[in-house]
Amino acid sequence: MLVTGGAGYIGSHTVVTLIEKGYTPIIIDDFRNANQDVIERLSKITGEEIIYFNVACQDSFRLKGVFGQFPIEGVIHFAADKAVGESVEKPLKYFENNFGGLTSILELVQEFEVKNFVFSSSCTVYGDPEVIPVTEESPVSYNSPYGFTKKVCEEMIEQFVASCPIVKATLLRYFNPVGAHESGLIGEEPDGKPNNLLPFITQTAAGVRKELTVFGDDYDTPDGTCIRDYIHVVDLAEAHVAALENAMNSTENLMVFNVGTGKGSSVLEMIKTFEEETGIELPYKIGPRREGDIKEIYANTDKVNQTLNWESRKTINEAIATSWKFEKYIRELRK
Ligand code: WQD
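Residues numbered from 1 in each chain as written. Predicted model: local features only at pLDDT ≥ 70, side-chain atom pairs only at ≥ 80, totals over all residues. Heavy atoms only, no water.

1. Some points on the overall build of the protein chain
The helix and strand tally for the protein chain stands at 11 helices and 13 strands. Its C-alpha atoms give the protein chain a radius of gyration of 19 Å, within 12% of the compact-globule value 20 Å for 335 residues. Principal-axis analysis of the C-alpha atoms gives the protein chain an extent of 55 × 45 × 40 Å. Across the 335 residues of the protein chain, 54% fall into the buried class. Taking contacts inside the protein chain between residues at least 6 apart in sequence as the whole, the part at least 24 apart equals 79%. (Helix = DSSP H or I, 4+ residues; strand = E, 2+ residues; numbered from the N terminus. Rg over C-alpha atoms; globule rule 2.2 N^0.38 Å. Buried < 20%, exposed > 50% of the residue type's maximum accessible area, 1.4 Å probe, protein only. Contact = heavy atoms within 4.5 Å.)

Shown next, in the form of structure tokens:
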């Protein structure tokens, strides 16, 4: 199983799950957004030697060498840039990496007749939804260049499979991934200032950041803060294997699933749960709204529950406890 971006946050957890389920993942990563020592830590967790290649997805020539070297049953394509704010500043970087990477991977999928393809999509394709929870049929849109790349990549895949029906593609629309592996050895390690809530919380608790700013408490929600569907990364990793196994037995060649818990939590609830779980009082203040934020989103998960026979099992408390464990580990490691 070829895993692009396999050293990244969701990719690395998926590599662990694949190994646990008896697959042999082959990681493609250029480590632009991950540290090379992740490989060693993956080895520690799984007790296996990890096969990896330091190659960018756009490097078709070297990638072709990898495809030629192993029988590839499926590709899970994680490698992409993902920071919403940065994408507004540098849209071309996002077009080049997200469209370019996907295009060259699909060329090789076609050439080597790889039968299964799983794509990392995002609930960002629902934009600011009018009706919640969102189903896979909810209208798609975008409100950043990053969101635009996810929406267009989905369409690229749709048109590609129409021309190449031996490939079965699954689009997984992730909600908000949180948490870390229970070992605390892999997790989300942002490059510089975190963009996402939970790494910001754990870095604040670790003293890396002075305080957390809650981006607005005047939304029309029960406590005034935004609501998201926070899904444990280990559950999310398992959804990828479920998607691959489903595709192997399916006749459909394009499938789309929401991968979330189906439950929404507010920013203040996340802070409160962190404080309860760790016993640490988190310094935070209420600030203005963040541009581009939507008030509320969470998934309708009926389709993924029924078709993939998958559901989220881990709690937000478990996500917070493992994230905190990872934060402490990585602080020590980077000292
Ligand atoms: C969550 C909530 C913030 C930081 C993410 C990804 C995006 C896409 C969709 C992947 C919001 C609030 C945050 C802080 C805060 N997923 N917050 N203070 O905005 O849902 O977007 O999911 O493809 O790429 O970024 O997630 O973690 O940034 O924010 O109050 O310091 O936390 O306003 O309500 P978001 P997030």
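Picking up after the structure, the text goes on.
2. Quick word on the sheet that holds strand 6 (residues 168-174)
The sheet built from 7 strands is open, its strands ordered 3-2-1-4-5-6-11 with parallel pairing. Taken across any chain shown, the strands that pair with only one partner, and hence form the sheet edges, are strand 3 (51-54) and strand 11 (254-259). The sheet shows a mean angle of 20 degrees between the axes of neighbouring strands, taken without regard to direction. Across 4 bridges, strand 2 (residues 26-29) lies against strand 3 in parallel orientation. Across the sheet, residue isoleucine 27 finds its bridge partner in strand 3, namely tyrosine 52. (Pairing = 2+ DSSP bridges. Axes fitted to C-alpha atoms, helices over the stretch in contact; angles between N-to-C directions.)

3. Things to note about the pattern of salt bridges
Close approach of charged atoms allows side chains with opposite charge to pair. Applying the stated criterion across every chain, the model contains 19 salt bridges. One salt bridge connects aspartate 30 with arginine 32, and the closest N-O pair in it is separated by 2.9 Å. Taking the relative accessible area as the measure of exposure, aspartate 30 reaches 26% and is therefore partly exposed. Its salt-bridge partner being arginine 290, residue aspartate 293 comes within 3.0 Å of it at the nearest N-O pair. Look at arginine 290 and you get partly exposed, because its relative accessible area is 37%. By sharing partners, the salt bridges in this structure join Asp37, Arg41, Glu189 and Arg334 into a single network. (Salt bridge = Lys/Arg side-chain N within 4 Å of Asp/Glu carboxyl O.)

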